[in-house]
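Coordinate inspection notes
Spelled out, the chains give:
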Amino acid sequence: MNKIKDKLDLTKSICEKINPLIDPLSQLFNIHTFGYRKFFPDGTSFDTSSNYAWTKFSQETFDNKTIPNYEDEISSVLKGEKSHFLRVGKPDSNHLFLSALYDFDIWNTLSLYRKSGSCVEGFYFASTRDNHGIIEENLLQKRV
């Protein structure tokens, strides 16, 4: 029980430190949640984000478990095929992790991955589920 409490205390501390760092992203690009996840070779992962309620829920529900929707993305990164993904539209209700993100109003996301030794690191920049145009608007503005 102490191990879980210590992990949640660390998570809360990390979230509190991340929040001021994403303020400029929030103001410039309407990013509401920044997240980080490290994927290990055994299929498990560790995550944290600027949203403590989400991170707490995610760690309690999904830590030390393989998250199915990430399998394809991580596989693609490990093969060197792709390093970024977009989460837009409405998630399939059969994908519990994606549905939980959507329910927490963490959606319309740019996910960036990089291989780090035998692990993969993911960085997530998310808006809200109602901000449908954020990905297209910000990507198109930056290309011009």
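Residues numbered from 1 in each chain as written. Predicted model: local features only at pLDDT ≥ 70, side-chain atom pairs only at ≥ 80, totals over all residues. Heavy atoms only, no water.

What follows covers the packing of aromatic side chains. If you walk through the whole model with that rule in mind, you get 15 aromatic pairs. Note on Phe39 and Tyr113: the rings are 6.1 Å apart at their centroids and 50° apart in plane angle, and the pair reads as tilted. Of this pair, Phe39 sits in strand 1 (residues 33-39) while Tyr113 sits in strand 4 (residues 107-116); the two residues are 74 residues apart in sequence, bridging distant segments of the chain. By the burial criterion, Phe39 is buried, and Tyr113 matches it. (Phe/Tyr/Trp six-rings, centres within 6.5 Å; stacked < 30°, edge-to-face > 60°. Helix = DSSP H or I, 4+ residues; strand = E, 2+ residues; numbered from the N terminus. Buried < 20%, exposed > 50% of the residue type's maximum accessible area, 1.4 Å probe, protein only.)

The next subject is helix 2 (residues 52-62). Those residues of helix 2 that sit buried are Trp54, Thr55, Ser58, Gln59 and Phe62. The buried residues of helix 2 all sit within an arc of 125° when viewed along its axis, so they share a single face. Two to three positions downstream of the cap, the backbone nitrogen of Ala53 sits 3.2 Å from a side-chain oxygen, assigning the N-cap of helix 2 to Asn51. In the stretch just after helix 2, Asn64 is the one whose phi turns positive, near 65°. (Arc of directions from axis to C-beta. Polar contact = N/O pair within 3.5 Å; in protein donor to acceptor, adjacent residues only side chain to side chain.)

Taken together, the buried positions of helix 3 (residues 68-78) are Asn69, Tyr70, Glu73, Ile74, Ser76 and Val77. Each buried residue of helix 3 lies within a common arc of 160° when the element is viewed along its axis, so the set occupies one face. Across from the buried face of helix 3, at angles greater than 90 degrees, the exposed residues are Pro68 and Asp72. Where helix 3 is buried, its residues contact strand 1, strand 3 (84-87), helix 4 (96-103), strand 4 and strand 5 (119-127). Immediately downstream of helix 3, the backbone of Gly80 shows phi near 75°, a positive value. (Contact = heavy atoms within 4.5 Å.)

Core analysis: the largest hydrophobic core is formed by 19 residues, its most contacted members being Phe39, Tyr70, Phe97, Leu101 and Tyr113. For this core, the secondary-structure elements that each account for two or more residues are helix 2, helix 3, helix 4, strand 4 and strand 5. Looking at which element gives the most residues to this core, the answer is helix 4, with five residues. With seven residues, the next largest nonpolar core counts Ile18, Ile22, Phe125 and Ile134 among its residues. (Core = buried A, V, L, I, M, F, W, Y, C linked by side-chain atoms within 4.5 Å.)

Quick look at unusual backbone geometry now. If a residue is not glycine, its phi is most likely negative; likewise, a peptide bond is most likely trans. Despite not being glycine, Asp105 shows a phi value in the positive range, around 65°. Topologically, Asp105 is positioned in the loop between helix 4 and strand 4. Residue Asp105 is classed as partly exposed on the basis of its relative accessible area, which comes to 28%.

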